[in-house]
Amino acid sequence: MGLFSFLKSDKPSYSDKIWRNHDMALRGMITDAMLAITRKEIPVVICFFEEELKTVIQFLSAKGVPFLHVSERLTEVPDAVCVVSVTHIPEFISAIQAKTEFLFYGHYPLPSKEEALLKKLEAHRPTAPIRFYSSLDEPSLKIFGGEKIGELLDKLGMKEDEAIEHDFVSRAMKRAREKVELKVRTEVAAPSEPEWFARNMKI
């Protein structure tokens, strides 16, 4: 089955915005987060890896964007970008009542673990938008045909600072990660996505 197979109708419960590289994905995510604040919503940036969390915080600090690194239960709703690791999501979502948007900085390599978290978010915030900000230089796409998406972007004439957002792209990315999961028997934790692949797969 090819990367862009349309035989399945498993429409994801989230959307993907994909750039050519990590830097543009990060910029796009923070831009959307700031727009959420103007709509009086709480943008919650979620990171699966500690190194990615540090990257987001460093970017926000360098750009002067107001943010809050959430590492414990909130007592009040901040007028800023909330940055949180997956380990602190349960207590965070149970503490906030305001309208929320969930913005993920990249996918987790194993879709089964990611889906478990999405179910929790949807249970607590069924109407909250969930978006993933990814790039073509992610390891799973490099291994399983990400160049096909790159070719599609070229044919569409998309610029370096533009993103593609479509259900079939989300499905293609998920299937790439499903192939990764089939190859991982016992997961070894890691602080970053590249290190995760180095420990769990031969790239």
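Residues numbered from 1 in each chain as written. Predicted model: local features only at pLDDT ≥ 70, side-chain atom pairs only at ≥ 80, totals over all residues. Heavy atoms only, no water.

Remarks on the overall build of the protein chain
For step 1, the next point in the chain: What the protein chain contains, in helices and strands, is eight helices and six strands.
For step 2, the next point in the chain: Walking the protein chain from its N terminus toward its C terminus, one meets helices and strands in the order β-α-β-α-β-β-α-β-α-β-α-α-α-α.
For step 3, the next point in the chain: Sorting the 203 residues of the protein chain into buried and exposed places 51% on the buried side.
For step 4, the next point in the chain: Sequence-distant contacts, at least 24 apart, represent 74% of the contacts inside the protein chain between residues at least 6 apart.
For step 5, the next point in the chain: If you sum the accessible surface of the protein chain, you get close to 10300 Å²; carbon and sulfur atoms cover 53% of it. (Helix = DSSP H or I, 4+ residues; strand = E, 2+ residues; numbered from the N terminus. Buried < 20%, exposed > 50% of the residue type's maximum accessible area, 1.4 Å probe, protein only. Contact = heavy atoms within 4.5 Å. Areas by Shrake-Rupley, 256 points an atom, 1.4 Å probe, with all protein chains shown as cover.)

Here's the deal with the pattern of salt bridges
For step 1, the next point in the chain: The full count for this structure, using the stated rule, is ten salt bridges.
For step 2, the next point in the chain: Its salt-bridge partner being Glu101, residue Arg39 comes within 2.5 Å of it at the nearest N-O pair. In this pair, Arg39 is assigned in the loop between helix H1 (22-38) and strand E2 (42-47) and Glu101 in strand E5 (residues 100-105), connecting sequence segments 62 residues apart.
For step 3, the next point in the chain: Look at Arg39 and you get partly exposed, because its relative accessible area is 42%.
For step 4, the next point in the chain: With a shortest N-O distance of 3.6 Å, Glu51 and Lys54 are connected by a salt bridge. Here Glu51 pairs with Lys54, and both are found in helix H2 (residues 50-63), just three residues apart, close to one helical turn.
For step 5, the next point in the chain: For Glu51, a relative accessible area of 34% gives the class partly exposed. (Salt bridge = Lys/Arg side-chain N within 4 Å of Asp/Glu carboxyl O.)

A word on the packing of aromatic side chains
Aromatic rings in a pair are described by how distant their centres are and how their planes are angled relative to each other.
For step 1, the next point in the chain: Counted by the stated rule, this structure contains eight aromatic pairs.
For step 2, the next point in the chain: Measuring from centroid to centroid gives 4.4 Å for Phe104 and Phe132, while their planes differ by 15°, and the two rings are stacked. With a gap of 28 residues between them, Phe104 in strand E5 and Phe132 in strand E6 (residues 130-135) connect regions that are remote in the sequence.
For step 3, the next point in the chain: Pairwise contacts between aromatic rings join Tyr14, Phe48, Phe49, Phe104, Tyr108, Phe132, Trp196 and Phe197 into one cluster. (Phe/Tyr/Trp six-rings, centres within 6.5 Å; stacked < 30°, edge-to-face > 60°.)

Considering unusual backbone geometry
For step 1, the next point in the chain: Positioned with a positive phi, Lys40 is a non-glycine residue whose angle comes to about 65°.
For step 2, the next point in the chain: Here Lys40 shows up in the loop between H1 and E2.

Notes on the environment of Glu138
For step 1, the next point in the chain: Position of Glu138 among the secondary structure elements: in the loop between E6 and helix H5 (139-143).
For step 2, the next point in the chain: For Glu138, a relative accessible area of 3% gives the class buried.
For step 3, the next point in the chain: Distance in space between the C-alpha atoms of Glu138 and Asn21 is 8.1 Å, their sequence separation being 117 residues.
For step 4, the next point in the chain: Those residues within four positions of Glu138 in sequence are excluded, and the remaining contacts are His22, Gly106, His107, Tyr133, Met173 and Glu193.

A closer look at the sheet that holds E2
For step 1, the next point in the chain: If you walk across this open sheet you meet the six strands as E1-E6-E5-E2-E4-E3, and the pairing is parallel. Only two strands of the sheet have a single neighbouring strand rather than two, namely strand E1 (15-19) and strand E3 (67-70). Pairwise comparison of adjacent strand axes, ignoring direction, gives a mean angle of 25° for this sheet.
For step 2, the next point in the chain: Sheet topology places E2 next to strand E4 (residues 81-85); four bridges connect them, and they run parallel. From the neighbouring strand, Ile46 faces E4, where its bridge partner is Val84.
For step 3, the next point in the chain: Helix H4 (residues 111-124) contacts E2, E5 and E6 of the sheet and is inclined by roughly 150° relative to E6. (Pairing = 2+ DSSP bridges. Axes fitted to C-alpha atoms, helices over the stretch in contact; angles between N-to-C directions.)

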